[in-house]
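Reading the structure
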Amino acid sequence: MALELTNLLPAERGRALRKLYFLRLMTVGVLVLAGVVIIHGVFLLPSYLYLGGQVRERQELVDTLSASLAGDEEKQVSARVLALAKDTKYLAKLETTPAASSVIAAILRVPHLGITLSGFTYTPAKDKAEARMTLTGMATTREALRSYEAALAREPYVSATDLPISAYAKESDISFTITLTGSLMP
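This report concerns the structure included in the present document. Because the structure is a prediction, the values reported are computed rather than measured. (Residues numbered from 1 in each chain as written. Predicted model: local features only at pLDDT ≥ 70, side-chain atom pairs only at ≥ 80, totals over all residues. Heavy atoms only, no water.)

This paragraph deals with the sheet that holds strand β4 (residues 172–182). Taking strand neighbours across the sheet as the criterion, the 4 strands line up as β1-β2-β4-β3 in an open arrangement whose pairing is antiparallel. The outermost strands of the open sheet, each flanked by one partner alone, are β1 (115–123) and β3 (160–162). Between one strand axis and the next, the sheet turns through 20 degrees on average, direction left out of account. Judged from the 3 bridges that link them, β3 and β4 form a sheet pairing that is antiparallel. In the sheet register, Asp162 faces β4, and the bridge partner there is Thr179. Helix α2 (residues 100–109) contacts β1, β2 (131–141) and β4 of the sheet and is inclined by roughly 150 degrees relative to β1. (Pairing = 2+ DSSP bridges. Helix = DSSP H or I, 4+ residues; strand = E, 2+ residues; numbered from the N terminus. Axes fitted to C-alpha atoms, helices over the stretch in contact; angles between N-to-C directions. Contact = heavy atoms within 4.5 Å.)

This is the structure:
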């Protein structure tokens, strides 16, 4: 047989046959490609389903941990907010409350000739009650004690002084306790 084959078809039919051949070749190529894609998709389906399950499990774990941490953190934050509110209220109150040192310094500025002070007790004002301070000491004479009490009563931050009458029982070396009430804000 000869290597060259003679085509007896007319030229138009030959071109149509060639077109049909390439169309079939292209159709087979597309079908093979689609088959390969489908087969690979089927082989990837178990991996896809496995990874989807893993993602769902991890997301559920994250959601559970977030919910538990949010509850704990929320409790901690509310406790901190309450503590800060309490501290703020206390600090705001301190702004209007005189310090014991300033009250004692103001009391020591009052002239006290013949008076020796030995003790101070300070109670700051609470709610609507006035502040109180108790002074203890020794007076050399009744007159020195009386003038010291009068000087304390004249101070603008002292509304009342309370010295028991029994303090005047002795002539000299008199032990006394004077209670001052008022704003005590010098």
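Time to look at the pairing of β2. Here β1 pairs with β2 via 8 bridges, running antiparallel. Within the sheet, the bridge partner assigned to Phe120 lies in β2 and is Leu135. In terms of strand pairing, β2 meets β4 through 10 bridges, oriented antiparallel. Among the inter-strand pairings, Met138 is bridged to a residue of β4, identified as Ser175.

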